[in-house]
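# Close look at the chain arrangement
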Amino acid sequence: MSLKFNEKKAYLMPVFFGPTWCQQQPWEGGKGMDAHYQPGEVNVVAITYETDRELLEAMIPDCYTLNDPYVSVNVCEFAKLGWLNGKTYNLINVNVPVHFKGERDDLDGDLVLAMFENHCDPIVGGRDTMGYGKLYCDIPPVQRVDGKYIALASAWDFSFMKLTIDTNKPPQDLEKALKWVPKSAGKMHYKYIPKVMEKGEDPRANFTTPDIAYPTILPNWVKPDDYPYEIRKPDVTFCDGTIEWRMPTWEDWPTNGNVGAGLASLPVKKVLACKQLVYDEPCEYNTTYILR
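Only a predicted model underlies this, so the values are computations on that prediction, with no experimental measurement involved.

Let us now look at the overall build of the chain. A count of helices and strands for the chain gives 5 helices and 14 strands. Expected size for 292 residues packed as a compact globule is a radius of gyration near 19 Å; at 20 Å, the chain falls within 12% of this value. The principal-axis extents of the C-alpha atoms in the chain amount to approximately 65 × 50 × 45 Å. Restricting the contact set of the chain to residue pairs at least 6 apart, pairs at least 24 apart contribute 66%. Working note: accessible area of the chain is about 16100 Å², and carbon and sulfur atoms make up 54% of it. Between the averaged position of the 31 positive side-chain charges in the chain and that of its 40 negative side-chain charges there is a distance of 1 Å.

Spelled out as C-alpha cells, the structure:
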C-alpha cells in the first residue's frame, strides 16, 4: 500500500509522514476558531531610513516599481504564539514601499527584501510555500535600558547588524516615515524556486532556471466578525535611532552573505524615524495570493 495524499489536508516536505502540524493546516475548528490561531504578542524595535534610489531599484524585480527609496527594518520578538503552543521566536523584517500594477491587481505594498528568523521551523513552514524570502540567523533578545533598545543579528558568528533606538529622542522626519503606511495593501514578495533539471541536461539548470517565479502578497489582516480573541490596541512610541550594517566577506558568511552584502551596500542617507511597538499578531498567513 502506497502513500495516499488527502486533498483536504496541507503537506510540507518531507511528505512521507502525513499532513503537517504547521499553521497552514486547516484545523477542524475552522479558521481562527481554536487555540491554534490564538494571536501572539509582538514587541518591535524598528527603523526607517532613506537610501540610494538607484541601488535599491536594482534589487527589485521589474513587476514592482519603487515608491520611495525608504528601507524599514523591524526586529520583532514573537511570544505566546498559538500555532507554536505558546513558544517564542524572533525575526527581522526588511521591507521597502513598492507598487504593483498588473492586468488584475493595482496596489501599493511593502516588498519584503529579506526576513531573518532565529528558528528553523517558521522558516521551513513559510518560506517557499508563500514566497517569503526567509533566512536563518542568530537574533538575541533585545537589550533594554533607560529607554534605549539595542537589537543585534549575526550569522556564523559574524555580527552583521546593530539597530539602536532611543525613545528619549524625537523622530527626525515622522511624516516621511509614515507616508506609505496607510496606502499599503500588505506584505509583498517574489516567489522563486529553481527547477530540477531533466536527465542529461547541464547540471547548472538546477540553479539558474526557475521552476516558479512570480510575485505574491499577504494582504492586511481584517478581523472576522466571529473572531474569538481580543486584539489589543497597538502601543507605539516614535523616536530616533541608528542602524549599522557590516559588509561580510565570503569567509565571514559563506552561505547567505550576498544578502548581508546587499543590505550593507545600501547607504543610510538619513534616518527618518524609529519606533518601539507592542501589538497582537493574529498569525494568519493562509490568505497569501499571487499578484497578477
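Following the structure, the description resumes.
As enumerated under the stated definition, the model contains 0 disulfides in all. Cys76 provides the cysteine sulfur closest to Cys137, a residue in no disulfide bond, and the two sulfurs are 12 Å apart. Looking at Cys137, the relative accessible area reads 0%, which means it is buried. With no disulfide of its own, Cys274 has Cys239 as its nearest cysteine by sulfur position, at a separation of 5.2 Å.

This part is about the pattern of salt bridges. Applying the stated criterion to the full structure yields 14 salt bridges. Here Lys101 makes a salt bridge to Asp106, at a shortest N to O gap of 3.3 Å. Across the pair Arg104 and Asp105 runs a salt bridge, and its minimum N-O distance is 2.9 Å. Look at Asp105 and you get buried, because its relative accessible area is 9%. Residues joined by salt bridges that share partners form a network here, namely Glu41, Lys80, Arg232 and Asp280.

With that settled, consider a nonpolar patch on the surface. Together, Leu3, Phe5, Phe16 and Phe17 line one region of the surface with nonpolar side chains, adding up to about 530 Å² of accessible area. Mapped onto the elements, Leu3 comes out in the segment before β1 (40–50). On the accessibility criterion, Leu3 (39% relative accessible area) is partly exposed.

This paragraph deals with the pairing of strand β12 (residues 235–245). Sheet topology places strand β9 (residues 158–166) next to β12; 6 bridges connect them, and they run antiparallel. Within β12, the residue paired with Met161 across the bridge is Trp245.

Attention now goes to the environment of Lys87. Tracing the backbone shows Lys87 in the loop between β3 (70–79) and β4 (89–101). Separated by 76 residues in sequence, Lys87 and Tyr11 have C-alpha atoms that sit 22 Å apart. Once you skip the residues sitting within four places of it in the chain, Lys87 turns out to touch Phe78, Ala79, Lys80 and Leu81.

Parameters and conventions
- Residues numbered from 1 in each chain as written.
- Predicted model: local features only at pLDDT ≥ 70, side-chain atom pairs only at ≥ 80, totals over all residues.
- Heavy atoms only, no water.
- Helix = DSSP H or I, 4+ residues; strand = E, 2+ residues; numbered from the N terminus.
- Rg over C-alpha atoms; globule rule 2.2 N^0.38 Å.
- Contact = heavy atoms within 4.5 Å.
- Areas by Shrake-Rupley, 256 points an atom, 1.4 Å probe, with all protein chains shown as cover.
- Lys, Arg positive; Asp, Glu negative; His and termini not counted.
- Charge placed at Lys NZ, Arg CZ, Asp CG, Glu CD.
- Disulfide = S-S within 2.5 Å.
- Buried < 20%, exposed > 50% of the residue type's maximum accessible area, 1.4 Å probe, protein only.
- Salt bridge = Lys/Arg side-chain N within 4 Å of Asp/Glu carboxyl O.
- Patch = residues over 30% accessible without salt bridge, like charges linked within 9 Å, V, L, I, M, F, W, Y side chains within 5 Å.
- Pairing = 2+ DSSP bridges.

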